[in-house]
Amino acid sequence: MTSNFDTFDRNAQKGGDFVPRLAMINDIAGFGRCSTTVSLPVISVMKVQVCPVPTSVLSNHLGFPLCHFDDYTSHMRDYIKVWGELGLTFDGLYCGFLGNEEQIDIVREFVEMFQPPLFLLDPVMGDHGRTYSSITETHVQKMKELLPLADIITPNITESCLLTGTPWKDGEWTLQELSGLCERLAPAGSSGASIVITGIRQGDSLVNFLWDDGVYTTVSTPIAGASRPGTGDIFASILAADAVRGETLLSSVQKAANFVGLCITGSEKAGTPVQEGVVFEKYLAALL
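Residues numbered from 1 in each chain as written. Predicted model: local features only at pLDDT ≥ 70, side-chain atom pairs only at ≥ 80, totals over all residues. Heavy atoms only, no water.

1. Here we look at the overall build of the chain
1) Next: For the chain, the helix and strand inventory stands at nine helices and eleven strands.
2) Next: For the C-alpha atoms alone, the extent of the chain along its principal axes is close to 55 × 40 × 40 Å.
3) Next: For the chain, long-range pairs separated by at least 24 residues make up 69% of all intrachain contacts whose partners lie at least 6 apart in sequence.
4) Next: Carbon together with sulfur atoms contributes 54% to the accessible area of the chain, which is approximately 12,900 Å² in total.
5) Next: In the chain, 19 positive and 33 negative side-chain charges are present, and the distance between their average locations comes to 4 Å. (Helix = DSSP H or I, 4+ residues; strand = E, 2+ residues; numbered from the N terminus. Contact = heavy atoms within 4.5 Å. Areas by Shrake-Rupley, 256 points an atom, 1.4 Å probe, with all protein chains shown as cover. Lys, Arg positive; Asp, Glu negative; His and termini not counted. Charge placed at Lys NZ, Arg CZ, Asp CG, Glu CD.)

Written out as structure tokens, the structure reads:
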């Protein structure tokens, strides 16, 4: 549902001062620098308006021994319905962690209702060869149903294996193996979808593997320190913000990889506990 006023207003703004509007479906963790807590400031500093749709509210991320968790699934449809009744439109959708299968259905309904011109899907389901505790086989299968709707898909190597039924291995991946993963992901995705397999450890480097209709490119950066919560959220947020601003995916991946490396290096030097993520606040100006 789109009002004529809103459509006119959005089109009238599309000049030098136009600010793209990005809907973001993700959880909110109050402490630990991840999900919406990092995505909102990162996307905002890149001159894109963020409109969050919360999937759950947590006192802190699940890497801590204690956590208060409030599931927002039962409220999401009513929340989104009001946006439709208001006639809001969006230049893109960025979808992060989904806590259950019903939320996957709600994402599909959002895409059908608002038809965003750009949909970046970060299929957050696991890492280091393991699924997160809330992820079931049904969840994985339903996540596959979102792939055809997405324009950009950003799984890590574990999620790529889950989505393609490929055995995960704790070791280096060849370019041929990574290309094969993307080929198996692509038939399930839309014909125009771009795939970025993120954060692949290869020796002393982190590699991001970009695949677009059979053509691949790699972006490699030195490993700056320990793996930390929220870095994947920051990476995907930069890609989503750049995408609605019309930046090329390759330049965006390079920017995101460099920024995450900068934040990890700074966090290591500052002695920031790994549980607390990265001190990205110090480096936001680098994204201007």
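Having seen the model, we can carry on.
2. Comments concerning the nonpolar core
1) Next: Judged by nonpolar contacts, the single largest core of 42 residues is most densely connected at Ile25, Phe110 and Ile197.
2) Next: Of the residues forming this core, the biggest block, six residues, is contributed by helix H4 (residues 101-114).
3) Next: If we skip the residues at most four places from it in the chain, Ile25 touches Val53, Thr55, Met76, Leu93, Tyr94, Cys95, Gly96, Leu98, Val107 and Phe110. (Core = buried A, V, L, I, M, F, W, Y, C linked by side-chain atoms within 4.5 Å. Buried < 20%, exposed > 50% of the residue type's maximum accessible area, 1.4 Å probe, protein only.)

3. Some thoughts on the sheet that holds strand S4 (residues 92-95)
Sheets are built from strands paired through backbone hydrogen bonds, the pairs being either parallel or antiparallel.
1) Next: Spatial strand order, S3-S2-S1-S4-S5-S8-S9-S10-S11: nine strands in an open sheet with mixed pairing. Strands at the two margins of the open sheet, each flanked by one partner only, are strand S3 (69-71) and strand S11 (215-222).
2) Next: Summarising the sheet, strand S8 (residues 152-153) and strand S9 (residues 194-202) pair through two bridges and their orientation is parallel. Following the sheet pairing, Ile153 is matched in S9 by Ile195.
3) Next: Along the sheet, helix H7 (residues 175-185) makes contact with S9, strand S10 (205-212) and S11, crossing S10 at roughly 45 degrees. (Pairing = 2+ DSSP bridges. Axes fitted to C-alpha atoms, helices over the stretch in contact; angles between N-to-C directions.)

4. Things to note about the environment of Glu102
1) Next: Among the structural elements, Glu102 can be located in helix H4.
2) Next: Taking the relative accessible area as the measure of exposure, Glu102 reaches 39% and is therefore partly exposed.
3) Next: Once you skip the residues sitting within four places of it in the chain, Glu102 turns out to touch Thr73 and Arg77.

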